[in-house]
Amino acid sequence: MIEERAIVTRVENGQVFVQALNMGNCKPCAEGRGCGGGLLGRLARHRKYAIEVNTQVRDLQSGDAVVVGIAGDALLRASALVYLLPLVGMIGLGAFARLTLQAGDALVAAFAVAGLAAGLVVVRWKSLSIDATRFRPMVLRRDRFGADSCPRLNQE
């Protein structure tokens, strides 16, 4: 199980949305009293997204610090689908053009791009047909350190 600290951003109709508690939104770091992650977060100016999570933890409210997790095998399968399938399509069609058709570089590149596009289309089609809830992170427990503590300084 891969775990990450997060903050509950909102609870709507039993659905819980969280945002990762990284060094950029760590209160002590943002105030200059922590490890300096707040400065890095401001320099990088990353967009912050709230994602929906599954939970069995009761009475969560906006601002609660929690620990979310996702199964390692689910992350590995999703990564293989998203990254490996288009890559295999690209290399496969490029190799097909070179070895079977004896094509030149321009045609091999065109076949490789077509293979990449085909792989992305298959990923999109497959992602619509699978149950995405098994890939959704889950709130495992409340964070015992809370949102005001620095996650880097308080590693378990």
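The residue numbers shown here count from 1 along each chain, following its written sequence. For a predicted model such as this one, the threshold for reporting local features is a pLDDT of at least 70, and the threshold for listing and counting side-chain atom pairs is 80 or more; totals across whole chains, interfaces and linings nevertheless cover every residue. With hydrogens and water set aside, each side-chain value is computed from the structure's full complement of heavy atoms.

Trainee: Would you mind going over the pattern of salt bridges with me for this structure?
Mentor: Side chains that differ in charge, positive against negative, can pair when their charged atoms come close. Between Lys or Arg on one side and Asp or Glu on the other, a salt bridge is scored when a side-chain nitrogen of the former is within 4 Å of a carboxyl oxygen of the latter. Enumeration over the complete set of coordinates arrives at four salt bridges. Measuring nitrogen to oxygen at the nearest pair gives 3.0 Å for the salt bridge that ties E12 to R10. Classification of E12 as partly exposed rests on a relative accessible area of 37%. Three exposure classes are used, based on accessible area relative to the maximum for each residue type with a 1.4 Å probe and protein chains only: buried under 20%, partly exposed in between, and exposed over 50%. What makes R10 partly exposed here is its relative accessible area of 33%. D105 serves as the salt-bridge partner of R98, at 2.4 Å between the closest nitrogen and oxygen. R98 gets classed as partly exposed once you look at its relative accessible area, which sits at 36%.

Trainee: I would appreciate a short explanation of the pairing of strand β2 (residues 15-20) in the present structure.
Mentor: Within a regular beta strand, the side chains point alternately toward one face of the sheet and then the other, so they alternate between its two faces. Judged from the six bridges that link them, strand β1 (residues 2-12) and β2 form a sheet pairing that is antiparallel. Within β2, the residue paired with I7 across the bridge is Q19. Count of turn residues in the β1/β2 antiparallel hairpin: two residues, of which N13 carries a positive phi of about 50°. We call two strands paired when DSSP finds no fewer than two bridges between them. Helix and strand definitions follow DSSP, with helices as H or I runs of at least four residues and strands as E runs of at least two, each counted in order from the N terminus. Sheet topology note: the β2/strand β3 (residues 51-55) ladder contains three bridges and is antiparallel. For F17, the partnering residue across the bridge sits in β3 and is E52.

Trainee: Sorry, what's going on with helix α3 (residues 72-99) here?
Mentor: Note on helix geometry: an α-helix contains 3.6 residues per turn, so any two residues three or four positions apart are oriented the same way. The end-to-end C-alpha distance of α3, which contains 28 residues, comes to 38 Å, matching closely the 40 Å that a straight helix rising 1.5 Å per residue would cover. If you look at α3, its biggest bend is around 35°, right at L84, and the proline P86 turns up within four residues after that. Within the sequence span of α3, burial applies to A74, P86, G89, G94 and A97. It only takes one pair of heavy atoms within 4.5 Å for two residues to be counted as in contact. Tucked into the core, α3 has its buried residues touching α4 (105-129). In this scheme, a helix's expected span is set at 1.5 Å multiplied by one less than its residue total. Bending is quantified residue by residue as the angle between axes fitted to the seven-residue window ending at that residue and the seven-residue window starting at it.

Trainee: So what exactly am I meant to see when it comes to the sheet that holds β1 here?
Mentor: Reading around the circumference, β1-β2-β3-β5-β4 is the order of the five strands in this closed barrel, with mixed pairing throughout. For this sheet, the mean angle separating the axes of adjacent strands, direction not counted, is 55°. Note: β1 against strand β4 (residues 65-70), six bridges, orientation antiparallel. Paired with I2 across the strands is I70, a residue of β4. Axes, fitted as lines to C-alpha atoms, cover a helix only where it is in contact. Angles between the N-to-C directions of the axes lie from 0 to 180 degrees.

Trainee: Explanation requested: the side chain of D64 in the structure shown.
Mentor: With respect to the secondary-structure elements, D64 resides in the loop between β3 and β4. As used in this structure description, the phrase polar contact means that two N or O atoms lie within 3.5 Å; if the pair is within protein, one of them must be able to donate a hydrogen and the other to accept it, and residues adjacent in sequence are counted only when both atoms belong to side chains. One polar contact links D64 to R142, side chain to side chain, over a distance of 3.2 Å. Other than its neighbours up to four places away in sequence, D64 contacts A6, I7, V8, D59 and R142.

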